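# Commentary on secondary and tertiary structure
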Amino acid sequence: MTHSSLDPAAARDARPESFPHAATGALANQQVRANIRHATTTIRRKRAGVVAEVPDWELLRSAGSAIKDETLASLDAVLIELEASVQAAGGTVHWARDAAEANEIVVGLVQAEGADEVVKVKSLATDEIRLNEALEGAGIRPIETDLAELIVQLAGERPSHLLVPAIHKNRVEIRDLFRDRFGLPDLSDDPAELAEAARLHLREAFLRARVAVSGANFAAADTGTICVVESEGNGRMCTTLPDVLITVMGIEKAIPRFRDLEVFLQLLPRSSTGERMNPYTSLWTGVREGDGPQTFHLVLLDAGRTRVLADPAGRPALRCIRCSACINVCPVYRQTGGHAYHSPYAGPIGAILAPQLAGETGAVASLPFASSLCGACYDVCPVLIDIPSILVHERGKAVARERSGIEGRSLKMLGKAFATRAGYERAQRLGRQLQRPIARDGWLTHFPPGPLGAWGRSRDLPALPAQTFREWWESRDDRA
Amino acid sequence: MTTGREAILARVRASLADDPPHVVPPRNYRLRGERDRAAVIELFVERVRDYEATVVVADDPGAAVASALEAAGVRRVGIAPDLDRRLRPSGVELIEDHGLGSRDLDALDGAVTTCASACAETGTIAIDGGPGQGRRALSLVPDLHVCVVRAGAIVETVPELIAALEPSAREGRPIVLVSGPSATSDIELTRVEGVHGPRRLVVIVAT
Amino acid sequence: MIERVALFVTCLADTLFPDVGKATVTVLERLGIEVVFPLEQTCCGQMHGNSGYPSEAAALARRFVDVFDGFDAVVTPSGSCAAQVREHFEDLLGGDDRGVPARTWELSQFLTGVLGLEDIGSTFEGTVAYHPTCHSLRLLRVGDAPLRLLQAVPGVELLELPDAEECCGFGGTFAVKNADVSTAMLDEKIAAIMASGAESVCACDSSCLMHIGGGLRRRGVAVRPVHLAEILAS
């Protein structure tokens, strides 16, 4: 009936990596779905518990949101101040327009040290720019030191959740991976034993590493202090022991003042891991003689962020502090997991950030439609990002960009019909007429290809009744 | 040729052409706690215990340090060169950290330090390299960290903690916030103690 | 004291679920309120708005305001349509909404919030699981209004729905554009409904009930989907 090449929206959705397709594939993996169901249920409960403890939680959300908006509204001034502060404290600041430039800078810095390996703290920004591939291409071995990133790296996969990248793997799968890669045939699946195996494997790397690469959760412009929030201690290892530290940070992570951490260090741990405070938070300012790396490089990354900044309606997505609370409550993510989003950013934040960063091209262009608009994400976002509204806004941009296909023409036709009483009632009567061949005993018996077909794969649909409400109302008036 | 810096700043300015309003963040959240001193200390002890760290309240911190090290069965312990004499127990080999290499630190059984500040609500200890605290590596690499917290340095809330630490940040001191021993929740979201940071944390509250 | 309301029946109920409209009229008239049904009404534009067609949504919003201006209250048996009117019309119409959104109420909001009632005199009997639809829960914030109304029906035994606040998977065009995920979400909702042991599942939105009911029937599950208005009108 319709050929997808004539319908840009359908063509976009038909690509194998677009969300509807990727999701269908992901749904088939019952093991991953069970893992994700278990993990997200646990973390929702923990988050709810520690948030309930905080009497001024809503005030903190408002403050966090405002601090981020304040920053974004004068981002150029904040970045200039940050640069000055970091330099005054003995660090060097680089500015990378895109992934390629960032990778070139980092590879160059590592090569300048004559190092052939780097230890890495988990960083979404480096996942985004695919730094590991660039390092490997230059003969430099990146060693992921976050347990989950290590698991994902050993498995040759991509992370599926921005906070818990190996959420899709259960303990048995991790045990099997470690048995194979660490040569430990008798390893059990006890989480403590698995963690110990990872610890021993990585300890050696920490002690010998000369160069580390990290991301940053926040960077305070007034003092030049970089903040990394973590649990395992690998962040401390990487930012303390090596001689050289390179931090790659998205420009939206800057905050105006050190003082502002009093808000974010309450919002982030409770929203992300559901703890009062995460085990370790590192706050360093440039270099400090006799303590830690004596060379510090901060690489400020744009890579599409200025594009997001340019759309006032989409801009709030840049407030994100990467807590993943939205991902954990999302009923769509719960079914599909993160790989279906084809982006380091999955779930609700992924659906609004990834398309904007990419300029609404590629597979991620389908992400704004990957939502039932239930709003659970907005309820939990610590910085009050109105994700459902931005999803609708992004849908509008997608629709405006694509020439009107079947969906567009149908909706516009419906809109015209609904513009007048006569058109509306005519559409109602037409519907009753058209359904006659496929309706019996009050239910549809066949579902023609298209939206009805998609509906009918799993659900019944009542037929249009013989009398509409308004026809009944008018007959009632006649009788009265 | 435009530099990355020039290009990015130009893009930022162009992106803000809609002239968004300048926001002044509301500071009507709690800026300080309301508990009295005794309650603050009690809360701190409770919260640190929640993280599976050992907490001792002692009016003789030196003795408490000695007990803790003995209980842990350690023999070689690292300390900052300026650690107060009263916190240096006999009976263990104390090695002053004058720039020990990573592997030397790794060969130690533990470390004893003081701290700059602490937060009761979150059970957090803050280290900023001040007197008795040493370099960051000292309280990171050895597997046991014994930390003496002066009761008077414990504040109730996070905003008070950050306010207490701000002068250190302005001085360029690196700061580490420690809330329990290291842990991961990466395996089925079960919190597992002991990955890379010290797997044992003993906190001594000196009253 | 409100004595006369306009009914916004919604395009979906008008065309596919007229019994919900009739039940709403029954409830309001039983309470002594005069119900007016302006025949010029068509659609609130929610589907267009949510699917990325803001100008079409705005046109429908303008029409809604034209049709319903002049009434002290507009009542609708749809949480999602009420949410579209109350929460989105202002932006769509640049503030030029003549106060109509503020005077538009979802049925349970109207009964408990405006009229201050809980006992509507229903004689419905049976076990009921209540599913709070996402728009009524999070956008309209009707809170426990529907539950209080159900609890006040002597013959209703409310059974707890596990994970009640989890989205059923309808989501408008999401149900067909991402049909597989929508179905996966529906499967979980149906499992929860079956676990509740209730004979009926009740909600304030015909759209979600259409999706849930369609799924129940396809799977041969004998739980009856019923709109809140139909329970109250019994």
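Residues numbered from 1 in each chain as written. Chains lettered and ligands numbered in written order. Predicted model: local features only at pLDDT ≥ 70, side-chain atom pairs only at ≥ 80, totals over all residues. Heavy atoms only, no water.

### What to know about the sheet that holds strand β2 (residues 76-79) of chain B
All names here are of chain B. Worth spelling out the cut-off: Should DSSP find at least two bridges between two strands, the strands are regarded as paired. Secondary structure elements follow DSSP: runs of H or I of four or more residues count as helices, runs of E of two or more count as strands, with numbering from the N terminus. For helices, the fitted axis covers only the stretch in contact; all axes are lines through C-alpha atoms, and the angles between them, taken along N-to-C directions, range from 0 to 180 degrees. Should any heavy atoms of two residues lie within 4.5 Å, those residues are counted as being in contact.
Strand order across the open sheet formed by 6 strands is β1-β12-β7-β4-β2-β3, with parallel pairing between neighbours. One side of each edge strand has no neighbouring strand; the edge strands of this open sheet are β1 (54-58) and β3 (93-96). Averaged over all neighbouring strand pairs, the angle between strand axes comes to 25°, with direction disregarded. Bridging between strand β4 (residues 110-114) and strand β7 (residues 144-150) involves 4 bridges; their strand directions are parallel. Looking at β7, one finds that V112 is bridged to V146. Along the sheet face, helix α2 (residues 37-50) touches β1, β7 and β12 (200-206) and points at about 170° away from the line of β12. Its contacts with the sheet place helix α3 (residues 61-72) against β1, β2, β4, β7 and β12, and it is angled at close to 160° to β12.

### What about the confidence of the model for chain A?
What counts is decided by this rule: What pLDDT reports is the predictor's confidence in each residue, on a scale of 0 through 100.
When pLDDT is averaged along chain A, the result is 92; 95% of the residues meet or exceed 70. Confidence drops under pLDDT 50 across residues 1-6 of chain A; counting only partners more than four residues distant or on other chains, this segment forms 3 contacts.

### Observations regarding the pairing of strand β1 (residues 92-96) of chain A
Within a regular strand, the side chains alternate between the two sheet faces. Residue and element names in this part refer to chain A. Threshold: The rule is simple: take the accessible area with a 1.4 Å probe, protein chains only, and divide by the maximum for that residue type; under 20% is buried, over 50% is exposed, in between is partly exposed.
Counting buried residues in β1 gives 4 out of 5 residues, a clear majority hidden from the surface. As paired elements, β1 and strand β10 (residues 295-301) share 5 bridges and run parallel to each other. Opposite W95, over in β10, you have L300 as the bridge partner.

### So, unusual backbone geometry
All names here are of chain A. Notably, R130 is not glycine yet its phi reads approximately 55°, a positive angle. Following the sequence through the fold, R130 ends up in the loop between α7 (124-128) and α8 (131-137). Positioned with a positive phi, L373 is a non-glycine residue whose angle comes to about 60°. Positionally, L373 belongs in the loop between α17 (347-357) and α18 (376-380).

### Here's the deal with the domain arrangement of chain A
Applied cut-off: Domain segmentation is taken from an automatic or database assignment of domains.
Here chain A is described as being made up of domain 1 (56-303), domain 2 (307-401) and domain 3 (420-475). Summarising the inter-unit geometry, the C-alpha centres of domain 2 of chain A and domain 3 of chain A are found 34 Å apart.

### Things to note about the interface of chain C and chain A
The cut-off we apply is this: When two parts are brought into contact, each loses some accessible area as probed by a 1.4 Å sphere; the total of that loss over both is the buried area. One speaks of a salt bridge when a side-chain nitrogen belonging to Lys or Arg is within 4 Å of a carboxyl oxygen belonging to Asp or Glu. The term polar contact refers here to a pair of N or O atoms within 3.5 Å; inside protein, the definition further demands a hydrogen-donor-capable atom paired with an acceptor-capable atom, and it admits residues adjacent in sequence only when both atoms are side-chain atoms. Charged means Asp, Glu, Lys or Arg here, nonpolar means Ala, Val, Leu, Ile, Met, Phe, Trp, Tyr, Cys or Pro, and polar covers whatever is left, Gly included.
On the chain A side, the residues contacting the 61 residues of chain C number 62 residues. Both faces considered, chain C and chain A share a buried interface measuring about 5500 Å² in area, 59% of it formed by carbon and sulfur atoms. Across the chain C-chain A interface, the total number found is 12 salt bridges. Where chain C packs against chain A, one counts 35 residue pairs in polar contact (both at pLDDT 80 or more). Here the side of chain C that touches chain A takes 9 residues from helix α10 (residues 179-196) of chain C, the largest share from any one element. Split by residue class, the side of chain C that touches chain A holds 28 nonpolar, 18 polar and 15 charged.

### Details of the interface of chain A and chain B
Tallying the contact residues gives 94 residues for chain A and 76 residues for chain B. Interface area, chain A with chain B, both sides summed: about 7500 Å², of which 57% is carbon and sulfur. Here chain A and chain B share 13 salt bridges between them. Between E83 of chain A and R5 of chain B there is a salt bridge whose closest N-O contact spans 2.8 Å. Taken together, the connections running from chain A to chain B amount to 27 residue pairs in polar contact (both at pLDDT 80 or more). Looking at the side of chain A that touches chain B, the element that brings in the most residues is helix α11 (residues 191-208) of chain A, giving 13 residues.

### Let's talk about the packing of α10 of chain C against helix α11 (residues 206-218) of chain C
All names here are of chain C. Put simply, the rule is: Roughly parallel covers angles under 35 degrees, roughly antiparallel covers those over 145, roughly perpendicular covers 65 to 115, and oblique covers all other angles.
Following both chains from N to C, one finds α10 and α11 inclined at 75°, their axes separated by 10 Å at the closest point. When the axis of α10 is compared with that of α11, the two are roughly perpendicular. Contacts from S182, L186, K189, I190 and I193 in α10 reach H211, I212, G215 and L216 in α11. In terms of residue class, the contact of α10 with α11 is made up of 5 nonpolar, 3 polar and 1 charged.

### Structural notes on the sheet that holds strand β6 (residues 156-159) of chain C
Residues and elements named next belong to chain C. If you trace the 4 strands from one edge of the open sheet to the other, you get β6-β5-β7-β8, paired in parallel fashion. Lying at the two open borders of the sheet, with one neighbouring strand each, are β6 and β8 (224-227). The sheet shows a mean angle of 40° between the axes of neighbouring strands, direction not considered. One ladder, built from 4 bridges, connects strand β7 (residues 200-203) with β8; its direction is parallel. Across the sheet, V201 pairs through a bridge with P225, a residue of β8. Seen against the sheet, α11 touches β7 and β8 and runs at an angle of roughly 170° to β8.

### Section: the arrangement of the chains
The chain pair with the greatest number of contacts, out of 2 pairs of chains in contact, is formed by chains A and B. If you take every C-alpha in chain B and every C-alpha in chain C, the smallest gap between them is 18 Å, and the two do not touch.

### Let's talk about the packing of helix α13 (residues 261-272) of chain A against helix α5 (residues 158-170) of chain B
Keep this limit in mind: Crossings are classed by handedness, with left-handed meaning an anticlockwise turn of the near helix from the far one by less than a right angle and right-handed meaning a clockwise turn.
Where α13 of chain A contacts α5 of chain B, the two axes come as close as 8 Å, and the packing angle between them is 135°. Overall, the two elements α13 of chain A and α5 of chain B adopt an arrangement that is oblique. In this structure, the crossing between α13 of chain A and α5 of chain B has a hand that is right-handed. Where α13 of chain A approaches α5 of chain B, its residues L261, E262, L265 and Q266 of chain A are matched on the opposing element by V158, P159 and I162 of chain B. A class-by-class count of the residues in the contact of α13 of chain A with α5 of chain B yields 5 nonpolar, 1 polar and 1 charged.

### A few points about the packing of aromatic side chains
Each aromatic ring pair is characterised by the separation of its centres together with the angle its planes make. Basically, it comes down to this: Only Phe, Tyr and Trp rings take part, Trp by its six-membered ring, and two of them pair if their centres are within 6.5 Å. Stacked means planes under 30 degrees apart, edge-to-face means over 60, and tilted covers everything else. By definition, being over a ring means that NZ of Lys or CZ of Arg is both within 6 Å of the ring centre and within 35 degrees of the ring normal.
Tallied over the entire structure, the rule returns 16 aromatic pairs over all chains. Aromatic side chains W284 of chain A and F296 of chain A sit 5.9 Å apart centroid to centroid with 90° between the ring planes, which places their arrangement in the edge-to-face category. Of this pair, W284 of chain A sits in strand β9 (residues 280-285) while F296 of chain A is found in strand β10, placing the two residues 12 residues apart along the sequence. By relative accessible area, W284 of chain A is classed as buried at 2%. According to the relative accessible area criterion, F296 of chain A is buried, its value standing at 1%. Taken together, the ring pairs connect F469, W472 and W473 of chain A together with F37 of chain C into an aromatic cluster. Just above the ring of Y280 of chain A sits the side chain of R236 of chain A; from NZ or CZ to the centre is 4.6 Å.

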